[in-house]
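Residue-level structure breakdown
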Amino acid sequence: MALKFDSNTAGLSFSSSLLDQLDAITIMSWYRVTATASVAYTLLSKEYSANSQLLLNRPAFGVGSNDWQFFHRRATTSTSIKSTGNIIQTNRWEWVCVLDSDASAPTMLHGTLTAKPVEPTYDTQTTGVGPVTDDAGQSMYVGRTYGGLQTFTGDVSFIAVYNRRMSQAEALSHWPRPYVSSGCQLFTYPGYHGTVAATDLSGNAINATVIGTPTLTNPVPIPMPRLRLAGMPSIFSAQEVRRVSLGSIALNSDRLVLTG
């Protein structure tokens, strides 16, 4: 399942020092917008106030009301990037990814279930310079801002946050089926377990506190997530070889077939 958010301040709050002062960062999400209006819709935020640190939203001003905007506060020049062309459409599942790091131009990728993500045309693209501001102790919110002034109208089926900037090629390897890789701080499918909750599957146990009354809805129709087992890089991967012992016989194979 996924979680449906609306404009009644519903959202998720994630609190952990692992989400504080993220400098290099990768954010990705599967979402579906169910309505449009001349208001700002926030997908993700952190300390959104006069000293806002992170903000990924659909702004209510400027070029294109149905475009993504990302802001990341830095000491010298804050990162800012905004798409143009009204790339967000209602009632379809879409994937968005933002890549940012100090002194490198931010990148946005956007796609759908059937269209591989690409870089959109940018209305603005400002390279951030300098260390990030101190946001220690502030929660990260999904579906709303800190004060609930900008909420999200639609469904969120997946969101992940990394403490490093992926290459575009690596980021695209997470579409359509994301997986946990190095530097993953948060990896969650809201509503995945059939409850109004968001369990962190990264291994960091940064589970959400639910705000307001989001409801369960149908998830994004992608294959089940590729998860990890303790001590293993991942499971169900054709590229990985496991050593299996049957009595005195040892086999190196990614597939084991037992017959009668």
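The coordinates are above.
Now for a quick tour of the structure. Chains are numbered independently. Their residues run from 1 in the order of the written sequence. For a predicted model such as this one, the threshold for reporting local features is a pLDDT of at least 70, and the threshold for listing and counting side-chain atom pairs is 80 or more; totals across whole chains, interfaces and linings nevertheless cover every residue. As a rule here, side-chain values cover all heavy atoms of the structure and leave hydrogens and water aside.

1. Description of the pairing of strand β2 (residues 11–14)
Relative accessibility under 20% of the residue-type maximum defines a buried residue, over 50% an exposed one, and the middle range a partly exposed one, all with a 1.4 Å probe and only protein chains included. In this text, helices come from DSSP runs of H or I with a minimum length of four residues, and strands from runs of E with a minimum of two, each type numbered from the N-terminal end. Residues of β2 alternate between two faces, with Gly 11 and Ser 13 on one and Leu 12 and Phe 14 on the opposite face, all of them buried. Note: two strands are recorded as paired if DSSP finds a minimum of 2 bridges between them. Bridging between β2 and strand β14 (residues 209–211) involves three bridges; their strand directions are antiparallel. Looking at the pairing, Leu 12 lines up with Val 210 of β14. Pairing analysis gives three bridges linking β2 to strand β11 (residues 140–142), with the strands arranged antiparallel. Bridged to Phe 14 within β11 is Met 140.

2. Structural notes on the packing of aromatic side chains
Stacked, tilted and edge-to-face are the three classes applied to pairs of Phe, Tyr and Trp rings, where Trp contributes its six-membered ring and a pair requires centres within 6.5 Å; stacked means planes under 30 degrees apart, edge-to-face means over 60, and tilted covers the rest. For the structure on display, the rule yields six aromatic pairs. Seen from their ring centres, Tyr 31 and Phe 152 are 6.5 Å apart, and the 85 degrees between their planes marks the pair as edge-to-face. Taken as a pair, Tyr 31 in strand β3 (residues 25–33) and Phe 152 in the loop between β11 and β12 (154–162) lie far apart in primary sequence, 121 residues in all. Their ring planes at 75 degrees and their centres at 5.0 Å tell us that Phe 158 and Phe 187 sit as a pair that is edge-to-face. Pair noted here: Phe 158 is in strand β12 and Phe 187 is in strand β13 (residues 184–188), with a separation of 29 residues, a long-range link. Given the relative accessible area of 0%, Phe 158 is considered buried. Put simply, the rings of Phe 158, Phe 187, Tyr 189 and Tyr 192 touch in pairs and so form one group of aromatic residues.

3. A few points about the pairing of β12
Counting buried positions along β12 gives nine out of nine residues, so the element sits mostly inside the fold. Inspection of the sheet shows strand β1 (residues 2–5) paired to β12 by three bridges, in the antiparallel sense. Looking across to β12, one finds that Phe 5 is bridged to Gly 154. As defined by bridge partners, β12 adjoins β13 across four bridges and the pair is classed as antiparallel. Of the residues in β13, the one forming a bridge with Val 161 is Leu 186.

4. Here we look at the sheet that holds strand β5 (residues 54–58)
Taken in spatial order, the eight strands make up an open sheet running β10-β7-β6-β5-β4-β11-β2-β14, and their pairing is antiparallel. Either end of the sheet is taken by a strand with one partner, and the two such strands are β10 (122–126) and β14. Going from strand to strand, the sheet's axes swing by 15 degrees on average, the running direction of each strand aside. Pairing of strand β6 (residues 69–72) with strand β7 (residues 79–83), which is carried by four bridges, proceeds in the antiparallel orientation. The residue of β7 that forms the bridge with Phe 71 is Ser 80. To obtain each axis, a line is fitted to C-alpha atoms, and for helices this fit is confined to the stretch in contact; angles are then taken between N-to-C directions over 0 to 180 degrees.

5. A short note on the side chain of Asn 57
Its place among the elements puts Asn 57 in strand β5. Asn 57 gets classed as buried once you look at its relative accessible area, which sits at 2%.

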